[in-house]
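Observations on the model geometry
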Amino acid sequence: MAQEMKDSGIPWIGEIPADWELKNIKALFSFGKGLPITKDNLCDSGVPVISYGQIHSKRNSGTHIVKDLIRYVSEEYINSNPDSFAHQGDFIFADISEDLDGCGNCAYVDVDIPIFAGYHTIILRAKVQKSNQYFAYLFKSDMWRRQIRERVIGVKLFSISQKVLKKTSLIIPPQEIQCRIADYLNCKCAEIDAVLNKTRTSIEEYKKLKQAIITQAVTKGIRGERPMKNSGVAWIGIIPSEWDVSALGKFITIDSGISVGKKYELGTPLVEVPYLRVANVQGDHVDLSDVATIMVTPEEAEKYKLKNGQLLMTEGGDRDKLGRGCLWNGEIENCIHQNHIFSVQTNDRLTVRYLDYLTTSEVARVYFDLTAKKTTNLACTNKSTIQKFVIPIPKVAEQEAICDYLDGECKKLDRVLQAKANIIEQLNNYKKSLIYEYVTGKREVPETKNQSFISFIDARALLMCRIIELLKPKGRIHLMKALYTVDCMLNLNSTTQYQRQKHGPYDTRIEEYEKRLVQNGWIDIKYGSPVEYMLTETFETYREMYQSYYENVDGEVQRLCAFLQPMKTSKAERVATLLAAWNDFILQ
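Residues numbered from 1 in each chain as written. Predicted model: local features only at pLDDT ≥ 70, side-chain atom pairs only at ≥ 80, totals over all residues. Heavy atoms only, no water.

Looking only at helices and strands, the protein has 17 helices and 33 strands in total. Judged by the C-alpha coordinates and their principal axes, the protein covers about 90 × 70 × 50 Å. Looking at the protein as a whole, 46% of its 588 residues qualify as buried. Pairs at least 24 apart in sequence give 75% of the contacts found in the protein among residues at least 6 apart. When the accessible surface of the protein is totalled, it reaches about 29900 Å², and 50% of it is carbon and sulfur. Taking the average location of the 76 positive side-chain charges in the protein and that of its 74 negative ones, the two points are 1 Å from each other. (Helix = DSSP H or I, 4+ residues; strand = E, 2+ residues; numbered from the N terminus. Buried < 20%, exposed > 50% of the residue type's maximum accessible area, 1.4 Å probe, protein only. Contact = heavy atoms within 4.5 Å. Areas by Shrake-Rupley, 256 points an atom, 1.4 Å probe, with all protein chains shown as cover. Lys, Arg positive; Asp, Glu negative; His and termini not counted. Charge placed at Lys NZ, Arg CZ, Asp CG, Glu CD.)

Here's what the structure looks like:
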């Protein structure tokens, strides 16, 4: 029976269950401040502390304390700042964020250990000591965070004050329902996170494969067996005997950009032009989603103007990306660059495409890591270091051939990477939707937790994709018989309504499954007689989700498909029809 609902009185919340309440956050929580410390006050051991940096970490789930994110301060703070302790059931909010999405990020203290709130934090102290994990999920929802995002102050850095938090409202179910929602979301989000982690791991493996292919091509060529020689450079290794090695400076001109913040005398003629910042240069592409403008003299606009076909390299950034270039293809007219970006122009002995791939290779990664000036996670380089970078140099014609080969190989891998990124986006959106629907009471927690987060249609589509991969079906009828046989032999599904047709049992929703497979980019379908199923270059991306649902039975799925694969469609029809007849006999 559907639960009774009532109007919450807030348009962006809508209706909530009739026995739920809506109260100001101050009704359930009091407020406190974190320790007045900096990074310099952290130590290797002592009392655990969580600061804003750990709260904004991608590894912070927001629903429990992640041990890897805990830092430590001296025990002297126990006596000097006891009010900065957070206890089980409390929340630690970051009081600043670099973007609106991070406004509302917090850590939920689900452990019974003394833990300090650190620098740039606000403590929400529970007035009643109980499990508040339901609120941890509520605080993750965009619906609740909207209250904060509409009130925060800032442009590039947003301040989340106690005053802002104190104006927010909470949706409050009865305590028993709070616990059921939290338990259910813990279970479902863990399932989703497991698939997300597998997919992210797979993405990193494909990125490593891409880099390995690039490194092999720019150091060994693509012609197969040929005479080789020692390059004399440890991280380059052996190269084709007719190649040279030389410092990059012989083949390029390299220029810095304009210094930002320059003052001009009153009356100096100035023009407004777009300019690239370090944030725009993203290793494998130029991010033009947020391009700033700057006032400069006409002479400076001409001097620093980027030219089509230049390679852009950043002076500093993440250690694993330092020295990585990206091509400028003249996307914006009259665009200049700031002084922390180098523009590189190659001469007629080195193609810019080849240099672009070189900076992506392991050769560049090792060199720039060895020569960089480093801090914890950041590093920087300079013109001189870039010019001294020793690179393998084939003839220009071979450089072009290598680049054409890598363009094709990288395009294939990029399609796979994009498909996997799409899966991550879909799962994250589903996770957000799931949390929203349960913390607002739009959906009731089911009596059983044995329901997968994957929808029925998606689950069937995943199974069908696996059967297509293993069976290589001779048409839709052949595929349908295999799907029915797997269903029956493994007792996988009791809700599909198979219809009796002259060619045996038939699932009338098969076209829905086909549509889902095509939408996800796993198969292409050529409709005709028979229907042809063709695996795409990105079909392997289905496996993370498939394994999360069918891992325990995949061995049997493989065995049954191996049994059915050699059969003609007519024979597979007889197998499925006999199974259907036997099932009818048992039922009667």
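Reading across from one edge, β19-β26-β22-β24 is the order of the 4 strands in this open sheet, with antiparallel pairing throughout. Since the sheet does not close on itself, it has two edges, and those belong to β19 (252–255) and β24 (325–328), each with one partner. The average angle at which neighbouring strand axes cross in this sheet is 30 degrees, direction not considered. In this sheet, β24 lies alongside strand β22 (residues 310–314) in antiparallel orientation, the contact comprising 4 bridges. Paired with Q310 across the strands is W328, a residue of β24. Sitting on the sheet, helix α8 (residues 352–360) is in contact with β19, β22, β24 and β26 (341–346), with an inclination near 25 degrees to β22. (Pairing = 2+ DSSP bridges. Axes fitted to C-alpha atoms, helices over the stretch in contact; angles between N-to-C directions.)

Before going further, it helps to examine helix α9 (residues 362–371). An α-helical segment advances 3.6 residues per turn. Residues three or four places apart therefore align on the same side. Of all the residues in α9, the buried ones are V363, A364, R365, Y367 and F368. In this fold, the buried residues of α9 make contact with α6 (175–220), β22, α8 and α10 (383–387).

Moving on, we come to the sheet that holds strand β28 (residues 378–380). Spatially, the 3 strands line up as an open sheet ordered β23-β28-β27, and their pairing is antiparallel. Each edge of the sheet is formed by a strand with only one pairing partner; in this case those strands are β23 (316–318) and β27 (373–374). Sheet topology note: the β27/β28 ladder contains 2 bridges and is antiparallel. Directly across from K373, in β28, lies its bridge partner C380.

Before going further, it helps to spend a moment on the packing of aromatic side chains. On inspection of all chains with the given rule, the structure shows 21 aromatic pairs. Put simply, the rings of F29, F91, F93, Y108, Y134, F135, F139 and W144 touch in pairs and so form one group of aromatic residues. Above the plane of the ring of F31 lies K166, whose end atom (NZ or CZ) is 5.3 Å from the centre. (Phe/Tyr/Trp six-rings, centres within 6.5 Å; stacked < 30°, edge-to-face > 60°. Lys NZ or Arg CZ within 6 Å of the ring centre and 35° of its normal.)

Another point: the nonpolar core. Judged by nonpolar contacts, the single largest core of 91 residues is most densely connected at F91, L124, F135, F139, W144, L170 and I467. Counting residues per element, this core draws most heavily on helix α11 (residues 396–439), which supplies 10 residues. In this structure, I214, W243, I393 and L406 belong to the second largest nonpolar core, which totals 36 residues. (Core = buried A, V, L, I, M, F, W, Y, C linked by side-chain atoms within 4.5 Å.)

All right, on to the environment of F135 then. Within the secondary structure layout, F135 lies in helix α3 (residues 133–140). A C-alpha to C-alpha distance of 8.6 Å links F135 and I171, two positions 36 residues apart in sequence. Filtering out sequence-adjacent residues up to four positions away, F135 remains in contact with L28, F29, F91, K130, L170, I171, I172 and Q178.

For the coordinates displayed, the defined rule picks out 32 salt bridges. Two residues, R443 and E437, come together in a salt bridge whose shortest N-O distance is 2.9 Å. For R443, a relative accessible area of 37% translates into the label partly exposed. Here the salt bridges share partners, and the residues they tie into one network are R466, E469, E540, R543 and D554. (Salt bridge = Lys/Arg side-chain N within 4 Å of Asp/Glu carboxyl O.)

Time to look at the pairing of β26. In the case of a regular strand, side chains alternate between the two sheet surfaces. Buried residues dominate β26, accounting for 5 of its 6 residues. Of the strand pairs in this sheet, β19 and β26 are connected by 4 bridges, and their pairing is antiparallel. Looking across to β26, one finds that I252 is bridged to T346. In the sheet, β22 pairs with β26 via 4 bridges, with the strands oriented antiparallel. Across the sheet, the residue bridging to L312 is S343, located in β26.

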